[in-house]
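Chain by chain, the residues run as shown.
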Amino acid sequence: MKRNTFFAFASPSIVVMLALMVVPLMMALWLSTQYMTFRNITEPDFVGLRNFIEILEDPRFWRSFSFTALYTAIVVPSWVVIGFIIALFLDQVSGLVRGVYLSIFLLPFIIVPVIGTIMFKQLWEPSGLLTWVYQQLTGSRYRVNETSVKTLIIIFGIWYVTPFTIVVYFAGLQTLPAEMIEAASIDGASRLQKIRHIVIPYVSSLTVFILLFSIMDAYRVFDSIFVLSELNPQFKADTVMTYTFLTAMQVQRLGKANAMAILTVIGIMVVLVPFLRLMYKEQIADR
Amino acid sequence: MDKVRRPAGRVFIHTVLLLFAVYSLVPFFWTALQSFKTFKDAFSRAPILIFQPTWANYQDVWIRSLPDAGSAVGYLILAAALILTCLMLFARYIPVNPAWIYIGCLVGYGALLWAIPQLVYMQKFYSYFINTIIVTVFTILISISIGCLAGYALARYAGMAAVLILISALAFRALPRLAFVLPYFWIGSLLNLLDSHLLLVIALVAVNQPFTIWMLRSFFMEVPKDLEEAAMVDGANRLTSFLNVIVPVAWPGIISTALFTLLLAYNEFLLVRVLTQTNWTLPVAISRYTGAEDPAQLTLAAAASVSATIPIIVVILFFQKHLVRGLAAGAVKG
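Residues numbered from 1 in each chain as written. Chains lettered and ligands numbered in written order. Predicted model: local features only at pLDDT ≥ 70, side-chain atom pairs only at ≥ 80, totals over all residues.

(A) Local environment of the overall build of chain A. Each helix and strand counted, chain A has 13 helices and two strands in total. Overall, the C-alpha framework of chain A stretches about 75 × 70 × 30 Å when taken along its three principal axes. Relative to all contacts within chain A whose residues are 6 or more apart in sequence, the contacts with residues 24 or more apart total 72%. (Helix = DSSP H or I, 4+ residues; strand = E, 2+ residues; numbered from the N terminus. Contact = placed C-beta atoms within 7 Å.)

Below is the structure:
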């Protein structure tokens, strides 16, 4: 394809991304240096880096940051480990049974996350099924407090994204060459040894892919936490994203919220840039 | 991997899978039960599994007041929907070009959706449902048409510009929505565009574009180059050979991508929450049910959640193959 044809085909998409992603990012950068509330939206005041300093001195920001870190640290390994194990099990069945299981497993990932959250919450209402089970098992009443809200958020996070890793690993397992396994069987390797020495190395590039996107997805999770913590604001279950949202829409400090978003962008870029360089080299080599 | 053959092992595998299926389904099961309960049953301390089901919650979510000939109107609407659906399903057996039947049915569905509030006094929830459909449909149409052109170009052009676009798209895909949404909100409030479908569609197309072009590119790369070269030798130009030769071959991939765009638009919460004040789509509307302190909202929230989930489950049942292909393409081919 010639250069001109390429640009003729790609230009609508390029224009959309330039106008609606690059330009807004520039705007966010500019807004982050302004003092702006809903009242002076047309004539903001320039305050330089004061928004950033305010954020770094804000204990609530650090609290939400540490919960985000905790969430990511628990949820991401769970996605990878549970997803891989269930994909191995799913690989053991075939035909219609496999299709039915796959459909069922996909369900939490496909539905609207907000609705998933509400459904999850229904289980833990005072009249909910799991509240009752909890009380039968422990003999004590289920209480809503900071720890239980945070636990609920984390369990929900695991529940609704695991299907993604299951499907990715499952698709990866389908491409595993049968000869590799046969050779190991002839050598007398046990099932666990095969998994340890053949399957896990074989899917390692998938694991890198999943880890990268999981970390970023976990870091910027919003919907479920917002819905769960909006109900009980006293439980301090904010993440960086929900705190940014609240700063913008409730406290109405648009400038400060934009500064927070910029800090998040910088944080994500630090994780992302090595990977982007890798992709760049790969794409250049592929040409 | 080779299959486990020992009977004990097979039993173990099926037990684990079954338990995981239960784990995946419990919230759905419980919410569906709650949505059919009366207020009293839903709030009993020990969970009630057997009860007299009621449609009252669904009626409260959707309908404000019934017309005098309530059931007759209801059957009329159901019959119309049923006829349209049967027409769609059996279109290929009717000796007319199926494309016309599909277009006719879609127009029919549109007319039906328009007619319902004329016949029955519906709740606001219905207008949120319509908003969701409008926003989702336009997002898919725009996003896929410009995405196909770009995805195809990126699959066929090896220049530096293509690599740069792909890499920056990847970077945009990873950034938080809030970084883009707050400037949209600012522009929207300056231009008085907040609460409009237009702004929502534009924002959704934009934030989904990086993902769309990556995915479509991976599907277009599978199409052999000889195909369009043969068409171009026959005198077609790039665009017509693309539309007439490549698009039909890559069609399953395009459906997969459209499916993901559908899910993204249908599920979107943050953008809608920031950019609208009353013209919500379903996720924001439903989150409002739980925001209230009134416990009576619990069963309504359950009914609303089930109502909004059914269309998605229908979509999965019809398109599971495309969905799995899409998820696999995103990762395995990278």
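(B) Inspection of the overall build of chain B at higher detail. Along its length, chain B carries 14 helices and two strands. Projected onto the principal axes, the alpha-carbon positions of chain B cover approximately 70 × 65 × 55 Å. Looking at chain B as a whole, 40% of its 334 residues qualify as buried. Long-range contacts, defined here as pairs at least 24 residues apart, represent 75% of the contacts in chain B between residues at least 6 apart. (Buried ≥ 20, exposed ≤ 12 C-beta atoms within 10 Å, placed from the backbone.)

(C) Broad picture of the nonpolar core. By size, the foremost hydrophobic cluster in this structure holds 165 residues, and its most contacted members are Leu182, Ala203 and Ile286 of chain B. When residues of this core are assigned to their parent elements, the largest contribution, 16 residues, is made by helix α9 (residues 197–221) of chain B. Look past the residues within four positions of Ile286 of chain B in its chain and what remains in contact with it is Val114, Ile115 and Ile118 of chain A together with Ala301, Ala304, Ser305 and Ala308 of chain B. (Core = buried A, V, L, I, M, F, W, Y, C linked by C-beta atoms within 7 Å.)

(D) Representation of the interface of chain A and chain B in the model. The interface is formed by 90 residues belonging to chain A together with 89 residues belonging to chain B. Among the elements that make up the side of chain A that touches chain B, the one with the highest residue count is helix α1 (residues 3–31) of chain A (17 residues). Partitioning the side of chain A that touches chain B into residue classes produces 67 nonpolar, 15 polar and eight charged. (Nonpolar A, V, L, I, M, F, W, Y, C, P; charged D, E, K, R; others polar.)

(E) Here's a closer look at the domain arrangement of chain B. When its domains are assigned, chain B resolves into domain 1 (67–119) and domain 2 (124–332). Taking only C-alpha atoms, the centre of domain 1 of chain B and the centre of domain 2 of chain B are 26 Å apart. (Domains from an automatic or database assignment.)

(F) A look at α1 of chain A. For α1 of chain A, with 29 residues, the first-to-last C-alpha span of 37 Å runs short of the 42 Å given by 1.5 Å per residue. Among the residues making up α1 of chain A, those that are buried are Phe6, Phe9, Ala10, Ser13, Ile14, Val16, Met17, Met21, Pro24, Ala28 and Leu31 of chain A. Where α1 of chain A is buried, its residues contact β1 (34–35) and α13 (254–286) of chain A together with α6 (124–156), α7 (160–174), α8 (177–191) and α9 of chain B. (Expected span 1.5 Å × (residues − 1).)

(G) Main features of unusual backbone geometry. A positive phi angle, close to 65°, is found at Gln252 of chain A, a residue other than glycine. Secondary-structure assignment places Gln252 of chain A in the loop between α12 (240–249) and α13. In this structure, Asn192 of chain B takes a positive phi of about 60° despite not being glycine. Along the chain, Asn192 of chain B falls in the loop between α8 and α9. A count of 8 C-beta atoms within 10 Å places Asn192 of chain B in the exposed class.

(H) Main features of the environment of Ile316 of chain B. Mapped onto the elements, Ile316 of chain B comes out in helix α14 (residues 297–332). Judged by local crowding, Ile316 of chain B falls into the partly exposed class, with 17 C-beta atoms found within 10 Å. Taking the C-alpha atoms as reference points, Ile316 of chain B and Leu259 of chain B, 57 residues apart in sequence, are found 9.3 Å from one another. Those residues in contact with Ile316 of chain B, other than ones at most four positions away along the chain, are Ser103, Leu106 and Ile110 of chain A together with Leu323 of chain B.

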